[in-house]
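Close look at the chain arrangement
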Amino acid sequence: MVKNGMLQKRMCMMPRLVRLAQIVENTSVSDASNKHLKVSEIFINSDNVIFIEEDSAYKRRVSQSPHWPNDLDSRINITKIHFNTMSNSKYEHVHVLGDALNIAEKLGGYNG
């Protein structure tokens, strides 16, 4: 952008993205015996996080599943991250691998 013969730098703020490992169930399969779990890399905009919580009920359910990934330690914690976007009057959320304290530190929201 040029202003008064000088080049003016335009400031664009990139959101702070944090890389985490998400665990998801294949919900597109109607037959429960064919459902499987998948771990994938995701990037989360930390500015959109409302709160996080360890989800022991979800962890208990999926870790007892016969579809728990063989290479994933069943002792790992699972944390639910809630976002400030609303969809059908429910907050959007994802489940990520790791305990809530470590996830909060990665998101920049906790400095111990």
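The preceding data block contains the structure.
Residues numbered from 1 in each chain as written. Predicted model: local features only at pLDDT ≥ 70, side-chain atom pairs only at ≥ 80, totals over all residues. Heavy atoms only, no water.

**What to know about the overall build of the chain**
Looking only at helices and strands, the chain features two helices and seven strands. Relative to its full complement of 112 residues, the chain shows a buried share of 29%. Long-range contacts, defined as pairs at least 24 residues apart, comprise 57% of the intrachain contacts of the chain with a sequence gap of at least 6. Total accessible area on the chain stands at roughly 8,200 Å², and carbon and sulfur atoms take up 49% of it. (Helix = DSSP H or I, 4+ residues; strand = E, 2+ residues; numbered from the N terminus. Buried < 20%, exposed > 50% of the residue type's maximum accessible area, 1.4 Å probe, protein only. Contact = heavy atoms within 4.5 Å. Areas by Shrake-Rupley, 256 points an atom, 1.4 Å probe, with all protein chains shown as cover.)

**As for the environment of isoleucine 52**
As for its placement among the helices and strands, isoleucine 52 is situated in strand 5 (residues 49–54). Sequence spacing of isoleucine 52 and histidine 82 is 30 residues, and the spatial spacing of their C-alpha atoms is 6.0 Å. With near-sequence residues (within four places) excluded, isoleucine 52 lies in contact with Thr79, Lys80, Ile81, Ala100, Ile103, Ala104 and Leu107.

**So, the side chain of aspartate 55**
Looking at the secondary structure, you find aspartate 55 in the loop between strand 5 and helix 1 (56–63). By relative accessible area, aspartate 55 is classed as buried at 12%. There is a polar contact of 3.1 Å between the side chain of aspartate 55 and the backbone nitrogen of tyrosine 58. A distance of 2.9 Å separates polar atoms of two side chains, one belonging to aspartate 55 and the other to histidine 95. When near neighbours in sequence (up to four residues on either side) are disregarded, aspartate 55 contacts Ile78, Thr79, Lys80 and His95. (Polar contact = N/O pair within 3.5 Å; in protein donor to acceptor, adjacent residues only side chain to side chain.)

**Some points on the nonpolar core**
Grouped together as the largest cluster of nonpolar side chains are 10 residues: Val18, Leu20, Ile42, Ile44, Ile81, Phe83, Val94, Val96, Ile103 and Leu107. Of all the elements in the fold, those that place two or more residues in this core are strand 3 (17–25), strand 4 (37–45), strand 6 (78–87) and strand 7 (90–97). One finds Leu37, Trp68, Ile78 and Leu97 within the second-largest nonpolar core, a separate group that totals eight residues. (Core = buried A, V, L, I, M, F, W, Y, C linked by side-chain atoms within 4.5 Å.)

**Some points on the pattern of salt bridges**
By the definition in use, this model includes four salt bridges. Notably, a salt bridge pairs arginine 61 with glutamate 25, separated by 3.0 Å at the nearest N-O pair. Pair noted here: arginine 61 is in helix 1 and glutamate 25 is in strand 3, with a separation of 36 residues, a long-range link. Overall, the relative accessible area of 49% leaves arginine 61 in the partly exposed class. On the accessibility criterion, glutamate 25 (26% relative accessible area) is partly exposed. (Salt bridge = Lys/Arg side-chain N within 4 Å of Asp/Glu carboxyl O.)

Limitation: the analysis is restricted to geometry and does not speak to function.
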